[in-house]
Amino acid sequence: MVKIATEIITDDLTGRESPVTSLTEKKIPHVGIKQAVFPFNMFPEVDPILGPEMRSTGEVLGIASSFGAAIYKAEEATKTPLPTSGKVLISVNDRDKPEVVSLAQGYYDAGFEIVSTGKTYQLIKDAGIPATKIKKLYEGQPNINDALINGELAMVINTPSGKQSAHDDSYIRKNAIKMGLPYMTNIAAAKAALEGIIETNIHGYHEVKSLQEYHKAIK
């Protein structure tokens, strides 16, 4: 792309014909997912949510024949591989509650046990999806903190409530990092992760190919 852009910019000076007319659409039979890597494990007291600061230390790339397989590879490369079974904690803010039922149904259908809190649990239960209620830290014991420390959870989906919330849920995300668990702080990421898990459950682990092999497949 840099070479082509340079030729376009300098064609008045070089007298060469613009390369635009000879460009053809290519069929790319693979999907690439770039995933940022955040060093939150080095800062245990920092709430691992995105803000205006630049916090990533790099990025990884997952390439596969489908979106699901690519996102699974990308998460694996960040050293927080997605689980294919176990208990998933779902606790979302009021803004995300309209999407929580379909999300919970997806994870339940994929073979996960649903563990949830308060209003989120009630929505899931009212929809007829099997789930277990779990207490937040301020509600007593046993609670989410105990479940995390005891290794009972395989994955955490927790969307921040913001400063307007009466209770701070950052301990959920901080302890997920300490335990090396994949955690999602928005619905889009939770849905993408589910797609990766389903793809892996159905088709298994995809073969690893070199970049050269992927480029050869472009038509």
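None of the values given here were measured: they were computed from a predicted structure.

Chemist: Tell me about the overall build of the protein, and name the residues and values.
Modeler: When helices and strands are counted, the protein shows eight helices and seven strands. Residues counted as buried form 37% of the 219 residues belonging to the protein. Sequence-distant contacts, at least 24 apart, represent 68% of the contacts inside the protein between residues at least 6 apart. Accessible area of the protein: about 13200 Å², with a carbon and sulfur share of 55%.

Chemist: An account of the pattern of salt bridges is needed here, citing residue identities and associated values.
Modeler: If you walk through the whole model with that rule in mind, you get four salt bridges. Measuring nitrogen to oxygen at the nearest pair gives 3.1 Å for the salt bridge that ties lysine 97 to aspartate 94. The exposure class of lysine 97 is buried, given its relative accessible area of 15%. Its relative accessible area of 53% is what places aspartate 94 among the exposed residues. Across the salt bridge formed by glutamate 99 and lysine 191, the nearest N and O atoms sit 2.7 Å from each other. In this pair, glutamate 99 is assigned in the loop between strand E3 (86-91) and helix H3 (100-109) and lysine 191 in helix H7 (residues 187-203), connecting sequence segments 92 residues apart.

Chemist: Go over the sheet that holds strand E7 (residues 183-184), please, and point to the residues and values.
Modeler: Read across the sheet, five strands follow the order E5-E4-E3-E6-E7 without closing on themselves; strand pairing throughout is parallel. Whereas interior strands pair on both sides, the edge strands pair on one side only; in this sheet they are strand E5 (132-133) and E7. Pairing between strand E6 (residues 155-158) and E7: two bridges, direction parallel. The residue bridging isoleucine 157 from the neighbouring strand is methionine 184, located in E7. The strands that helix H6 (residues 170-178) touches are E3, E6 and E7; relative to E6, the one it contacts most, it runs at about 155°.

Chemist: Tell me about the pairing of E6, and please be specific about residues and values.
Modeler: Neither face of E6 is open: one carries Met155 and Ile157, the other Val156 and Asn158, and all of them are buried. Of the strand pairs in this sheet, E3 and E6 are connected by four bridges, and their pairing is parallel. Looking at the pairing, serine 91 lines up with asparagine 158 of E6.

Chemist: Give me the lowdown on the packing of H3 against H7, citing residues and values where you can.
Modeler: Taken N-terminus to C-terminus, the directions of H3 and H7 make an angle of 20°; their axes are 10 Å apart at the nearest point. It follows that H3 is roughly parallel to H7 by the angle criterion. Remark: the crossing between H3 and H7 carries left-handed chirality. Contacts between H3 and H7 pair Leu103, Gly106 and Tyr107 from the former with Ile187, Ala190, Lys191, Ala193, Leu194 and Ile197 from the latter. The class makeup of the residues in the contact of H3 with H7 is seven nonpolar, one polar and one charged.

Chemist: Tell me about the side chain of glutamate 75, and name the residues and values.
Modeler: Here glutamate 75 lies in helix H2 (residues 67-77). Salt bridges are absent for the buried glutamate 75, whose nearest opposite-charge side chain, lysine 79, sits at 14 Å. In terms of polar contacts, glutamate 75 uses its side chain to reach the side chain of glutamine 35, at 2.4 Å. Residues in contact with glutamate 75, not counting those within four places in the same chain, are Gln35, Thr80, Pro81, Leu82 and Met184.

Cut-offs used in this document
- Residues numbered from 1 in each chain as written.
- Predicted model: local features only at pLDDT ≥ 70, side-chain atom pairs only at ≥ 80, totals over all residues.
- Heavy atoms only, no water.
- Helix = DSSP H or I, 4+ residues; strand = E, 2+ residues; numbered from the N terminus.
- Buried < 20%, exposed > 50% of the residue type's maximum accessible area, 1.4 Å probe, protein only.
- Contact = heavy atoms within 4.5 Å.
- Areas by Shrake-Rupley, 256 points an atom, 1.4 Å probe, with all protein chains shown as cover.
- Salt bridge = Lys/Arg side-chain N within 4 Å of Asp/Glu carboxyl O.
- Pairing = 2+ DSSP bridges.
- Axes fitted to C-alpha atoms, helices over the stretch in contact; angles between N-to-C directions.
- Parallel < 35°, antiparallel > 145°, perpendicular 65-115°, else oblique.
- Left-handed = near helix turned anticlockwise from the far one by under 90°.
- Nonpolar A, V, L, I, M, F, W, Y, C, P; charged D, E, K, R; others polar.
- Lys, Arg positive; Asp, Glu negative; His and termini not counted.
- Polar contact = N/O pair within 3.5 Å; in protein donor to acceptor, adjacent residues only side chain to side chain.

The values are spatial; any link to function lies outside them.
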